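Descriptive structure summary
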Amino acid sequence: MKFNLNNSGLAQLISENKAKFTVHVEGVASSFRKFYSVNNSDDISIELTANEISERLEVNTMIVANEDINNYTNNNFNEDYYGNGFVVKKINRGDILAFDSMANISFSFENKEKPNARSMIRVASTSENWMSVDYQGSVIVINLPKKAYDTYHRYSTSKQDLQDVLFIAVVLPGLTYVLERISEENSGYDRDAEWAIALTDLLNRIGIDINDMKNRNALEVAQQLLDYPMKDKLRIELWEEETDED
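All of these numbers come straight from a predicted model, not from anything done at the bench.

**Side note on the sheet that holds strand β8 (residues 121–126)**
In space, the three strands of this open sheet follow the order β8-β10-β9, with mixed pairing throughout. Of all the strands in the sheet, just β8 and β9 (132–134) have a single pairing partner and so form its edges. Going from strand to strand, the sheet's axes swing by 30° on average, the running direction of each strand aside. Two strands pair when backbone bridges link them, and β9 and strand β10 (residues 140–145) are joined in this way by three bridges, in the antiparallel orientation. Across the sheet, the residue bridging to Ser 132 is Asn 143, located in β10. Packed onto the sheet, helix α3 (residues 146–155) meets β8 and β10 and runs at close to 110° relative to β10.

**Examining the pairing of β10**
Summarising burial for β10: five of the six residues are buried, a large majority. The pairing of β8 with β10 spans six bridges and is classified as parallel. Counterpart to Val 123 in the pairing with β10 is Ile 142. Connecting β9 to the next strand, β10, in antiparallel fashion are five residues.

**A look at the confidence of the model for the chain**
Mean pLDDT over the chain stands at 81; residues scoring 70 or higher make up 81%. Low pLDDT, under 50, characterises residues 235–246; the stretch is placed with six contacts to residues that sit more than four places away or in other chains.

**Section: the nonpolar core**
Core analysis: the biggest nonpolar cluster contains 35 residues, and Leu 179, Ile 182, Trp 195 and Leu 199 have the highest contact counts within it. Of all the secondary structure elements, the ones that give two or more residues to this core are β8, β10, α4 (160–182), α5 (194–205) and α6 (218–225). Per element, the largest residue contribution to this core is 10 residues, and it comes from α4. Discounting residues that sit within four places of it in the chain, Leu 179 has contacts with Leu 199, Met 213, Ala 218, Val 221, Ala 222 and Leu 225.

**A look at α6**
Regarding α6, the residues found buried are Ala 218, Val 221, Ala 222, Gln 223 and Leu 225. In the segment just after α6, Asp 227 is the residue with positive phi, at about 65°.

**Some words on the packing of aromatic side chains**
Scanning the entire structure with this criterion turns up nine aromatic pairs. Members of the aromatic cluster, connected to one another through ring pairs, are Tyr 72, Phe 77, Tyr 81, Tyr 82 and Phe 86.

Reading the values: the criteria
- Residue indices follow the written sequence of each chain, beginning from 1 at its first position.
- In keeping with the model being predicted, local features are shown solely for residues with a pLDDT of at least 70 and side-chain atom pairs are shown and tallied solely at 80 or more, while totals for entire chains, interfaces and linings include all residues.
- Calculation of side-chain values draws on the structure's entire complement of heavy atoms; hydrogens and water are dropped beforehand.
- Here the rule is simple: two strands pair whenever DSSP picks up at least two bridges between them.
- Helix numbering and strand numbering both begin at the N terminus, where a helix is a DSSP run of H or I of at least 4 residues and a strand a DSSP run of E of at least 2.
- To get an axis, fit a line to the C-alpha atoms, keeping to the stretch in contact for a helix; angles then go from 0 to 180 degrees between the N-to-C directions.
- Residues count as neighbours in contact if any of their non-hydrogen atoms are within 4.5 Å of one another.
- To sort residues, take the accessible area from a 1.4 Å probe on protein chains only and compare it with the maximum for the residue type: under 20% means buried, over 50% means exposed, and anything in between is partly exposed.
- pLDDT expresses how confident the predictor is about each individual residue, on a scale running from 0 to 100.
- What makes a nonpolar core is a set of buried Ala, Val, Leu, Ile, Met, Phe, Trp, Tyr and Cys residues whose side-chain atoms join them at distances within 4.5 Å.
- Ring pairs are drawn from Phe, Tyr and Trp, using the six-membered ring of Trp, whenever the two centres fall within 6.5 Å, and their geometry is named by plane angle: stacked under 30 degrees, edge-to-face over 60, tilted for the rest.

Below, the structure written as structure tokens:
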């Protein structure tokens, strides 16, 4: 990224390392947010990977104070607003001295790993005494009460059959809940969220339009998206229990 600055006062601050160019990159409907800065240069290189950003970015460029600056003045101050000879008594380190309009950038990733239902869902702990589902962020978060989460976390690394049963008990109802919510006319979910984009793609793969979910059985669709997790897993567990009783 190349900065084009036409202000001798700000350029002098940058050359003296009293200010620097800064870029704030934020993923639209994702959790990615990061600042990038460069000292005494008008050129910056930013490398991003497909797995850490969404397909849309908002980029804000600015000049930020590198240190406290006292009695600052600039020949480009607008006299209509500030009058003649306006002086800023103190600029604090980190204050924004100038900024450009926000840029929106869209990407198309050909080599980005295809999403799956499990990758767009996270399980977390909550202080509440009930299970809840939050789909307002970049991923779907299933919140479990502290003790239930501790149990889930402890057994999630156990033998595969037990992991699958936990998956059915926690992830399946969570995904079902989200499918039911998005089928409502006034659900108000963010269609640009990473989980929503991934879910739309997954539904398309099994021949379902996300806008047609109101005519679908959410529980059945959730099982289809998760590759029918109850088809074999519970049968294995019940068989083991019956064997133990014998």
